[in-house]
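Structure assessment
The residues making up each chain are set out below.
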Amino acid sequence: MALSEVYWDHQIPLPKLAPVQAKVTVALVALLCFINSYDGEFVFDDSEAIVNNKDLKPTTPLNNIWNNDFWGSNLSSNSSHKSYRPLTVLTFRLNYLLAGGLHPVGFHVLNIILHAVISALMIDVFAILIGGLAYDVKGRILNHAPKTSLLAALFFATHPVHTESVAGIVGRADLLCALFFQLSFLTYCKAFNRGRFSVQWVVVSLLLCAAAMLCKEQGITVLVQSIFLCKVSEILRMGLLTRLALMGLGGLLMLYARWRIMGTGPPAFTEVDNPASFAENIFLRMVNYNYYYSLNAWLLLCPWWLCFDWSMGCVPLIKSATDWRMVWLLLLWCILIGLISQALCSQDSQRRRTLTLGLVLLVVPFLPACNIFFRVGFVIAERVLYLSSAGYCLLLAYSVGHCCCRWSKYRKLLCVSVLALLCVCVARCALRSHQWRSEQSLFTSALSVCPFNAKVHYNVGKNLADRGNSTAAIAYYREAVRLHPTYVHAMNNLGNILKERNELIEAEQLLSKAVSIQPDFAAAWMNLGIVQNSLQKFEEAEQSYWNAIRFRKKYPDCYYNLGRLYADLNRHVDALNAWRNATVLKPDHSLAWNNMVILLDNTGNLGQAELIGREALRLLPNDHTIMFSLANVLGKLQKYKESEGFFLHALRINPNAASCHGNLAVLYHRWGKLELAKKHYELSLKLDPEAPGTRDNYNMLRRKLDQLKRPTP
């Protein structure tokens, strides 16, 4: 069906480009915005979703991605977030395989390319939403709004709110969801080519919708966009009942499958994650939800203040109807009601279609994040605006065209303004994507946006501690605890640093408070046990370790520390049992294996020590510390040749180990290879002049060598 060109399109201050040229231009602009994030690190949520996610590794069965959530936890677990995105995890796994490991460049490059492709395809989507669905004689979609769709696509490509989705690797879920959303929508439109209705294309569209949903949950909202397109397009009224039945059935099947996959029910979030959803007063709950909506709208309108996390005091709750922030809610709804009234009541059919479909694209993809259907685990998340921003960009491009028509004498000024806006957006994207290149720059950038966000201070402190700056980290951890007095993770990390600095009393107080606030915090119980052990509170330490194991059944590090406690108390059998449990739970637990060998060696159980050492090396064939301990045992058993082999192998791996040179020298000394003993004593003393016993042994050897050199009378 032939449609006329959109009347405001020729007023848009952009050149009219051929379809391929327009798409290449948009893709290049999208690349320009985010290209400087290509060599960034794994940051923030990347640690859990990628670095620590076993589903990415080739050794993990591929079937696991269909049983686990986005973060690698089993969907049946109570701790699972129920975010079922197996296709996204599959792309992470492919990145891992192609790069031969966890190398972030490949992950980042794919994200940037995906955004460029999505931005280019937005031209086709916008063309249909603005100009309607029509085909030429060759069956190609006609673009009746080439300039408006190009401008909207440029706005989309350069919107700074996309930085989290593009520069943050976990944003891959939003990118893939958007890509399959577009493909599903465009495929649905193909069902009406050349005046015929094709059931096959609708089925393909539903399959692509399912793929979008397997990338991220909001992918199913493409069905709503397609249904609304039917309402405003004459050509899409062919086979209406058949299509609605197919789409309704498909949507219900997808929702049912999603519900079955969730297993134990919806995820459990805490008040810290989403404080408004825990407000007892329904009125205040709805007020705060609407305030969150207004903040999301502000991020679309003015994306200058961006933050990786908006929880923990970043957005204080509205607790009274007299709060001045109520103005933003009223303003938001006044604007929405105004747009809806224009979409419904305008005499201009082109305006009605554009506003209706723009509002649907703005609002509907945001619905899964709006707390209406279920509680979400965040206050504001910039990544969830990726698809919704397309609706905003469409409305913004329409506004530019409307202004150009109404104030044509100011067309040059509008042209300069649009160009300036695009340049500012490109610059802001480049700046923000640079901040996402490392955790240090990402976390510190948030301090000026959300200075009262305890999690921001916590993450800055954690990053500083990881880089060895514990003094600065302490200040940020203390501030996190001050801002959020029940922040148990900050207390735990601060207690750990104080423990390392031997400030044991305060460390014990902090860790005790953490476990009193969250009694099932296994890591805090273990750290409390370590501190109590250092304070020689042995009974309390043992109880703390067992509490940790009670709340986390498979906790090899806790068994290891429990074994150290038993060793200090000369409870050798208990120590060995604890370390054996650690190695059963974690077969590559080097410290537990090594401590078993050393304890058995020190207690004279050389035969058992040899067996344990050999068992450990079968699992850890390149562990030089176990080689060293086993070599000592073999030396005492007078198996000098084998002992020498393990010492030399350990030195090939770690040639600067003074203790290894020293003990090898003792072996040669006993064995009668005095020149070799002298050589390794000297190497040991060169590496560590204060090595205990080594100088005495060296002096003893020199006296013996002097005696041997004296002529016999």
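Residues numbered from 1 in each chain as written. Predicted model: local features only at pLDDT ≥ 70, side-chain atom pairs only at ≥ 80, totals over all residues. Heavy atoms only, no water.

1. Topic: empty space enclosed by the protein
All chains considered together, the criterion is met by 2 cavities of 30 Å³ or more. Approximately 60 Å³ is the volume found for the largest cavity. Tyr289, Tyr292, Tyr293, Asn296, Phe366, Ala369, Asn371, Phe378, Val379 and Val384 together form the lining of the largest cavity. Of the residues contributing to the lining of the largest cavity, the split by class is 8 nonpolar, 2 polar and no charged. Put simply, the second largest cavity is a space of about 30 Å³. (1 Å grid on protein atoms, 1.4 Å probe; cavity = no way out; pocket = protein on both sides within 12 Å on 5 of 7 lines; lining within 4 Å. Points joined across faces, edges and corners; volume = space filled by probe spheres on them. Nonpolar A, V, L, I, M, F, W, Y, C, P; charged D, E, K, R; others polar.)

2. Things to note about the environment of valine 573
Its location among the elements puts valine 573 in helix α24 (residues 572-585). Here valine 573 falls in the exposed class, since its relative accessible area comes to 58%. (Helix = DSSP H or I, 4+ residues; strand = E, 2+ residues; numbered from the N terminus. Buried < 20%, exposed > 50% of the residue type's maximum accessible area, 1.4 Å probe, protein only.)

3. Some words on the nonpolar core
Phe126, Phe185 and Phe308 are the most contacted members of the largest nonpolar core, which has 206 residues in total. Element by element, the count of residues in this core is highest for helix α4 (residues 104-131), at 13 residues. In contact with phenylalanine 185, other than residues within four places in its own chain, are Val125, Ile128, Leu129, Val222, Gln225, Ser226 and Leu229. Counting residues in hydrophobic clusters, the runner-up holds 13 residues, among them Phe42, Ala49, Ile65 and Phe70. (Core = buried A, V, L, I, M, F, W, Y, C linked by side-chain atoms within 4.5 Å. Contact = heavy atoms within 4.5 Å.)

4. Section: the UniProt feature "repeat: TPR" (unreviewed entry) in the protein chain
Per the UniProt record, the feature "repeat: TPR" (unreviewed entry) sits at residues 454-487, 488-521, 522-555, 556-589 and 658-691. Each end of residues 488-521 is marked by a C-alpha atom, and these two atoms are 8 Å apart; helix forms 79% of the span and strand 0%. (UniProt positions renumbered as here; feature names shortened; annotations may be inferred.)

5. Comments concerning helix α15 (residues 411-435)
Structural remark: α-helix, 3.6 residues per turn; residues separated by three or four positions point the same way. Here α15 contains 25 residues, and its C-alpha end-to-end distance of 36 Å stays within 8% of the 36 Å for a straight helix at 1.5 Å per residue. Residues of α15 that are buried include every one of Val418, Leu422, Cys425, Val426, Arg428, Cys429, Arg432, Ser433 and Gln435, and no others. Looking at the buried residues of α15, the elements they touch are α1 (19-34), α5 (146-157), α6 (163-167), α14 (385-406) and α16 (439-447). (Expected span 1.5 Å × (residues − 1).)

6. Brief notes about a nonpolar patch on the surface
On the surface, Ile35, Tyr38, Val105, Val109, Leu110, Ile113 and Val117 cluster together into a nonpolar patch covering about 520 Å² of accessible area. Within the secondary structure, valine 105 is located in helix α4. (Patch = residues over 30% accessible without salt bridge, like charges linked within 9 Å, V, L, I, M, F, W, Y side chains within 5 Å. Areas by Shrake-Rupley, 256 points an atom, 1.4 Å probe, with all protein chains shown as cover. Salt bridge = Lys/Arg side-chain N within 4 Å of Asp/Glu carboxyl O.)

7. Some details on the packing of helix α25 (residues 590-602) against helix α26 (residues 606-619)
At a closest axis distance of 8 Å, the pairing of α25 and α26 adopts a crossing angle of 165 degrees. Here α25 lies roughly antiparallel to α26, going by the angle between them. Seen from above, α25 lies across α26 with left-handed handedness. Of the residues in α26, those touching α25 at Trp593, Met596, Val597, Leu600 and Asp601 are Leu606, Gln608, Ala609, Ile612, Gly613, Glu615, Ala616 and Leu619. For the contact of α25 with α26, the per-class residue count stands at 9 nonpolar, 2 polar and 2 charged. (Axes fitted to C-alpha atoms, helices over the stretch in contact; angles between N-to-C directions. Parallel < 35°, antiparallel > 145°, perpendicular 65-115°, else oblique. Left-handed = near helix turned anticlockwise from the far one by under 90°.)

8. Some thoughts on the packing of aromatic side chains
According to the stated counting rule, one finds 20 aromatic pairs in the structure shown. A centroid spacing of 6.2 Å and a plane angle of 80 degrees characterise the contact between phenylalanine 44 and phenylalanine 443, whose relative ring orientation is edge-to-face. In this pair, phenylalanine 44 is assigned in the loop between α1 and α2 (46-51) and phenylalanine 443 in helix α16, connecting sequence segments 399 residues apart. Both residues of the pair, phenylalanine 44 and phenylalanine 443, count as buried. Here the aromatic cluster, defined as three or more aromatic residues joined through ring pairs, consists of Phe42, Phe70, Trp71, Phe92 and Phe107. When the ring centre of tryptophan 201 is taken as origin, the NZ or CZ atom of lysine 190, which lies over that ring, is 5.8 Å away. For arginine 552, the ring lying beneath its charged end belongs to tyrosine 555, and the centroid distance is 4.1 Å. (Phe/Tyr/Trp six-rings, centres within 6.5 Å; stacked < 30°, edge-to-face > 60°. Lys NZ or Arg CZ within 6 Å of the ring centre and 35° of its normal.)

9. Overview of the pattern of salt bridges
This model, assessed by the stated rule, comprises 23 salt bridges. For aspartate 124, the salt bridge goes to lysine 23, with nearest N and O atoms at 2.8 Å. A residue pair is termed long-range when its members are at least 10 positions apart, and aspartate 124 in helix α4 and lysine 23 in helix α1 qualify at 101 residues. The exposure class of lysine 23 is partly exposed, given its relative accessible area of 26%. Linking glutamate 644 and lysine 641 is a salt bridge whose minimum nitrogen-to-oxygen distance equals 3.6 Å. Taken together, the residues span about one helical turn, with glutamate 644 and lysine 641 both in helix α28 (residues 640-653) at a distance of 3 residues. By relative accessible area, which is 9% here, glutamate 644 ends up buried. One salt-bridge network, held together by shared partners, links Glu610, Arg614, Lys639 and Glu642.

10. Thoughts on α14
Compared with an ideal rise of 1.5 Å per residue, which puts 22 residues at 32 Å, α14 spans 30 Å between its outermost C-alpha atoms and is within 8% of the ideal. Along α14, 16 of the 22 residues are buried, which leaves the element largely enclosed by surrounding structure.

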